[in-house]
Amino acid sequence: MMEIAEYCLIGALILAGIALFINIGAVTSKQKALARAEARELVGPDGQPVTELSADDYADYGVETNVDVPKSAHGLAWYGTAFTIMSLILVTAYIGIRMSVTGHGPFSNQHEFAVAFAWGILLAYVVFEWLYKLRTLSLAVLPVTIAMMVYAMNLDATVNPLVPALQNSVMLTLHVGFAVLAYGTACVSFGAAILWLVRPKIKLKRFPSQDTFDDIGYRAAALTFPLLTIMIVLGAIWADTAWGRYWGWDPKETAAFVTWLTYGGYLHARVVRNWRGKKAAWLLVIGFATVLFAYFGNHFFGGLHSYG
């Protein structure tokens with residue numbers, strides 16, 4: 001069973017890489033299609049000049065106007081999404097198989113949580129792509145997913161018995177589950193912030209506006225904060241069961257608290273101070289940096305959360 005699971009993880013990594021390259025091609029094709037549309041003074045059904053084409057419009061405009069729009073653009077976009085979803089399915093299969101073998105959630109070692117981290121990023125990305133129909137976001141999010149899967153595959157994946165502190169399986173699974181979802185949405189907000197920051201340097205025409213990335217970053221952060229809150233509360237309940245105290249300023253607990261404060265500070269500044277633009281984008285980048293520190297910090301500082 002574990003051999004099948006390993007193939008699932010390898011397949012997920014390959015598919016995520018293919019999806020990234022396809023989305024790069026789809027974004028580039030979109031720019032070329034729009035440039036040609038403008039050159040031919042293409043007009044839409046309402047008689048107005050075309051200023052934006054969705055992925056579903058490529059073939060229609062190409063046929064109806066004889067504009068030299070690449071017919072493969074729609075296919076590229078579709079395949080990019082399909083490969084991303086297939087990657088998510090394979091990571092889900094890996095986690096499911098491993099859980100059936102180990103009898104517990106993905107929390108016993110760094111390998112399991114790294115895979116779960118990648119799963120959370122993929123899930124959050126797929127949801128936001130569906131909501132915004134914006135594959136450009138993948139250019140910043142999928143590289144993080146790929147890096148996390150590569151990292152996971154280089155860690156020890158041996159199935160070992162749970163240490164006593166991890167044997168409250170249900171509560172710990174919920175705690176880790178909300179952590180994974182929070183980290184996934186945090187990565188989406190980070191990706192949107194990075195694209196906001198580099199947008200002025202991108203020369204491709206009709207690349208999504210900074211306002212679009214700003215909105216995505218805000219909405220993703222608005223999900224991250226309550227998910228982090230639930231994660232911390234569930235973690236405190238679990239800590240009381242495992243160690244006899246709700247909070248002990250363990251390095252990972254402290255890092256999680258700093259992460260929670262960072263995203264809370266971002267939302268406060270956004271709502272009260274109307275922070276947008278560069279300051280807001282950098283705050284989201286810092287927020288994801290604290291997420292990564294919370295995840296990797298136990299390697300350097302140890303603590304009760306160091307389980308391998």
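Conventions adopted
Chains are numbered independently. Their residues run from 1 in the order of the written sequence. With pLDDT at 70 or above as the cut-off, local features in this predicted model cover only qualifying residues; side-chain atom pairs require 80 or more to be listed or tallied, and sums for whole chains, interfaces and linings still use all residues. Water and hydrogen atoms were dropped before computing side-chain values, which therefore reflect all heavy atoms in the structure. For helices the rule is a DSSP run of H or I covering at least 4 residues; for strands it is a run of E covering at least 2, with both sets numbered from the N terminus onward. Accessibility here uses a 1.4 Å probe with only protein chains present; expressed as a share of the type maximum, an area under 20% marks a residue as buried, one over 50% as exposed, and anything in between as partly exposed. It only takes one pair of heavy atoms within 4.5 Å for two residues to be counted as in contact. Surface accessibility follows the Shrake-Rupley procedure with a 1.4 Å probe radius. Residue values consider only the protein chains on display as shielding. As used here, the term nonpolar core means buried Ala, Val, Leu, Ile, Met, Phe, Trp, Tyr and Cys residues forming a set that is joined through side-chain atoms within 4.5 Å. Pairing of aromatic side chains requires ring centres within 6.5 Å, counting the rings of Phe and Tyr and the six-membered ring of Trp. Pairs whose planes differ by under 30 degrees are stacked, by over 60 edge-to-face, and all others tilted.

A.B. asks: What is the right way to look at the overall build of the protein chain in this model?
C.D. replies: When you go through the protein chain residue by residue, the secondary structure sums to nine helices and zero strands. When the helices and strands of the protein chain are read in sequence order from the N terminus, they spell out α-α-α-α-α-α-α-α-α. In the protein chain, which comprises 308 residues, the share counted as buried stands at 48%. Counting only contacts in the protein chain whose residues sit at least 6 apart along the sequence, the fraction spanning at least 24 positions is 78%. Only carbon and sulfur atoms are counted for the fraction: they give 66% of the accessible area of the protein chain, which is about 14600 Å².

A.B. asks: Please clarify how the nonpolar core should be interpreted in this entry.
C.D. replies: Formed by 79 residues in total, the largest nonpolar core has its most connected members in Phe113, Phe117, Leu137, Met149, Tyr183, Tyr263 and Phe288. Only α1 (2-39), α3 (72-102), α4 (110-132), α5 (138-153), α6 (169-198), α7 (210-243), α8 (251-272) and α9 (277-301) provide two or more residues apiece to this core. With 15 residues, the top contributor of residues to this core is α6. Excluding residues within four positions of it along the chain, Tyr183 makes contact with Phe113, Phe117, Leu228, Met231, Phe288, Val291 and Ala294.

A.B. asks: Explain the packing of aromatic side chains to me, please; I cannot follow it from the model alone.
C.D. replies: Describing an aromatic ring pair means giving the distance of the ring centres and the angle of the ring planes. Counted under the stated rule, the structure contains 15 aromatic pairs. Summarising the aromatic geometry, the rings of Trp78 and Tyr79 are spaced 5.1 Å apart at their centres and angled 85° between planes, so their arrangement reads as edge-to-face. For Trp78, a relative accessible area of 51% gives the class exposed. Take Tyr79: its relative accessible area is 45%, and that puts it in the partly exposed class. Ring centres of Phe207 and Phe213 lie 6.0 Å apart, and the angle between their planes is 50°; on these two criteria the pair is classed as tilted. Ring-pair connections join several aromatic residues into one group, and the members of that group are Phe113, Phe117, Tyr151, Tyr183, Tyr295 and Phe296.

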